[in-house]
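Descriptive structure summary
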Amino acid sequence: VQLQASGGGLAQAGGSLRLSCGGSGRTFSRYTIAWFRQAPGKEREFVAAIRWSGGSTYYTDSVKGRFTISRDNAKNTVSLQMNSLKPEDTAVYYCAADSSIIVSSLSRPDAYDYWGQGTLVTVSS
């Protein structure tokens, strides 16, 4: 599967952005999709993930209550709605996909087989 992330940009603290991860291929719906982010000088960090059915979602603690991940399998799209943005949310955001990942590995970048190119989110204070 090929992934393409979009929707990044500049937002003020407290504002919102919506990221999209578009996927190619008829099997997109079978993949768990995750968002990671990487700030300058830092390691890639797990943000959120959604299972193929959309029924199970997972978030890192720092974004719970502010970010919402969702998917539309008919459109081969996973979205990340980011509200109440903070300057510390500034990073390049990547979407990733895997068809057989287990729950305990969701936060591990090396557990995903496919990656999008990244989209930059900048939050000003």
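Up top is the structure these notes are about.
My aim in this report is to walk through the structure given alongside it, one point at a time. Everything numeric here is computed off the predicted structure, so don't read it as measured data.

**Focus: the overall build of the protein chain**
Summing up its helical and strand segments, the protein chain has 0 helices and 11 strands in all. Of the regular secondary structure in the protein chain, the N- to C-terminal order runs β-β-β-β-β-β-β-β-β-β-β. Taken over the C-alpha trace, the protein chain has a radius of gyration of 13 Å; the compact-globule value for 125 residues is 14 Å, and the two agree within 12%. Overall, the C-alpha framework of the protein chain stretches about 40 × 25 × 25 Å when taken along its three principal axes.

**Overview of the nonpolar core**
By size, the foremost hydrophobic cluster in this structure holds 27 residues, and its most contacted members are W35, L80, M82 and Y93. Looking at this core, the elements with two or more residues in it are β1 (3-6), β3 (17-23), β4 (32-38), β5 (45-50), β7 (67-72), β8 (77-82), β9 (91-98) and β11 (119-124). Here this core takes 4 residues from β9, the largest share from any one element. Apart from residues no more than four positions distant in its own chain, L80 is found in contact with L17, R18, L19, W35, V47, A48, F67, T68, I69 and Y93. Core analysis: the second largest hydrophobic core is formed by 9 residues, A34, F36, A96 and L106 among them.

**Some words on the side chain of S105**
Its place among the elements puts S105 in the loop between β9 and β10 (114-115). The exposure class of S105 is buried, given its relative accessible area of 10%. Other than its neighbours up to four places away in sequence, S105 contacts A111 and Y112.

**Examining the sheet that holds β7**
Sheet strands pair via backbone hydrogen bonds, and the direction of the pair is either parallel or antiparallel. On the basis of which strands lie adjacent, the open sheet formed by 4 strands has the order β1-β3-β8-β7 and antiparallel pairing. Edge strands, defined here as strands with exactly one partner in the open sheet, are β1 and β7. Taking each pair of neighbouring strands and ignoring which way they run, the sheet shows an average axis angle of 15 degrees. Of the pairings in the sheet, the one linking β3 to β8 comprises 6 bridges and is antiparallel in character. Residue pairing across strands places S20 opposite S79, the latter belonging to β8.

**Examining the environment of Q38**
Summarising the element assignment, Q38 is placed in strand β4. Note on Q38: relative accessible area 26%, which makes it partly exposed. Spatially, the C-alpha atoms of Q38 and L120 are 9.4 Å apart, while their sequence positions differ by 82 residues. Residues within four places of Q38 in sequence aside, it is in contact with E43, R44, A91, V92 and Y94.

**Overview of the layout of surface pockets**
Here the largest pocket defines a volume of roughly 190 Å³. R37, Q38, A39, K42, E43, E45, S62, R66, K86, E88, T90 and A91 are the residues that line the largest pocket. Along the lines of polarity and charge, the residues of the lining of the largest pocket split into 2 nonpolar, 3 polar and 7 charged.

**Some remarks on the pattern of salt bridges**
For the structure shown, the criterion picks out 5 salt bridges. Ionic pairing is found between E45 and R37, a salt bridge with its closest N-O pair at 2.8 Å. Exposure remark for R37: the relative accessible area of 6% places this residue in the buried category. Connected through salt bridges with shared partners, the residues R37, E45, R66 and D89 form a single ionic network.

Cut-offs and rules
Throughout, residues of each chain are indexed from 1 in the direction in which the sequence is written. Under the rules for a predicted model, residues below a pLDDT of 70 receive no local features and side-chain atom pairs below 80 are neither given nor counted, while totals for whole chains, interfaces and linings still include all residues. Just so you know, side-chain values use all the structure's heavy atoms and leave hydrogens and water out. The helix and strand labels rest on DSSP assignments: H or I over at least four residues marks a helix, E over at least two residues marks a strand, and numbering proceeds from the N terminus. Atoms counted for the radius of gyration: C-alpha only. Globule rule: 2.2 Å times the number of residues to the power 0.38. Among buried residues, those of type Ala, Val, Leu, Ile, Met, Phe, Trp, Tyr and Cys that are joined through side-chain atoms within 4.5 Å constitute a nonpolar core. Between buried and exposed lies partly exposed: a residue is buried under 20% and exposed over 50% of the maximum accessible area for its type, with that area taken using a 1.4 Å probe on protein chains only. Contact definition: two residues touch when any of their heavy atoms are within 4.5 Å. Two strands qualify as a pair provided DSSP detects at least 2 bridges between them. Angles run from 0 to 180 degrees between N-to-C directions of axes, and those axes are lines fitted to C-alpha atoms, restricted for helices to the stretch in contact. Points on a 1 Å grid, built from protein atoms alone, make a cavity when a 1.4 Å probe fits but cannot get out and make a pocket when they are open with protein on both sides within 12 Å along at least 5 of 7 lines; residues with an atom within 4 Å of a point are the lining residues. Grid points are joined across faces, edges and corners, and a volume is the space filled by probe spheres set on the points. Throughout, the ten residues Ala, Val, Leu, Ile, Met, Phe, Trp, Tyr, Cys and Pro are labelled nonpolar, Asp, Glu, Lys and Arg are labelled charged, and all others, Gly among them, are labelled polar. The salt bridge criterion pairs a side-chain nitrogen of Lys or Arg with a carboxyl oxygen of Asp or Glu, the two atoms within 4 Å.

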